[in-house]
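Structure at a glance
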Amino acid sequence: NIPPKRFMEWDMLSDIDQSYAVDKLEYSQNTWNNPGSNSVEEWSFHDLYDSEVEGALGLGLDSEAWDCHINHYYGYWWSELVEKGIDRYYSVLGWDEDKWDNGTSPAETEGMEW
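Residues numbered from 1 in each chain as written. Predicted model: local features only at pLDDT ≥ 70, side-chain atom pairs only at ≥ 80, totals over all residues. Heavy atoms only, no water.

A look at the layout of surface pockets
If a probe the size of a water molecule is rolled over the atoms, the empty space left behind becomes visible. Quantified by volume, the largest pocket comes out at close to 440 Å³. Around the largest pocket sit H72, Y74, Y90, L93, W95, T109, E110, G111, M112, E113 and W114, which together line it. When its residues are assigned to classes, the lining of the largest pocket shows six nonpolar, three polar and two charged. Lining the second largest pocket are 13 residues, with E26, V40, W43, Y49 and E52 sitting closest to its centre. Looking at the lining of the second largest pocket, the elements that each hand over two or more residues are α1 (15–24) and α3 (50–58). Among the residues forming the lining of the second largest pocket, the class breakdown is five nonpolar, three polar and five charged. (1 Å grid on protein atoms, 1.4 Å probe; cavity = no way out; pocket = protein on both sides within 12 Å on 5 of 7 lines; lining within 4 Å. Points joined across faces, edges and corners; volume = space filled by probe spheres on them. Nonpolar A, V, L, I, M, F, W, Y, C, P; charged D, E, K, R; others polar. Helix = DSSP H or I, 4+ residues; strand = E, 2+ residues; numbered from the N terminus.)

Written as structure tokens, this is what we have:
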């Protein structure tokens, strides 16, 4: 499920949601409105600090929603992608274990836009 709050403009969030975003996840209006610009998004859910987990959960982002829609599984090792059964999607995009885990070179599709 796509987490609706994360893809709402900052001004549409309630004061409570903005508080979770600012106080727990260190978002600003700018980083919220520009997905991928907050460094917290580089971490998988299981690597977040307790206060960050509290903020994510307060915004309706459980581990599945965070890792898929916020972190895009970049905080995972290839073996974890295999365990979740999602490695095949990254393989289609040109990723393999060496590229993913070691950063030898990005997949050719990395950085492409629609």
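Thoughts on the pattern of salt bridges
For side chains of opposite charge, pairing can occur when their charged atoms come near one another. Overall, the coordinates contain four salt bridges when judged by the stated rule. Across the pair D17 and K5 runs a salt bridge whose closest N-O atoms are separated by 3.3 Å. Separated by 12 residues along the polypeptide, D17 in helix α1 and K5 in the segment before α1 bring together distant segments of the chain. For D17, a relative accessible area of 8% puts it in the buried group. On the basis of relative accessible area, K5 is assigned to the partly exposed category, the value being 29%. (Salt bridge = Lys/Arg side-chain N within 4 Å of Asp/Glu carboxyl O. Buried < 20%, exposed > 50% of the residue type's maximum accessible area, 1.4 Å probe, protein only.)

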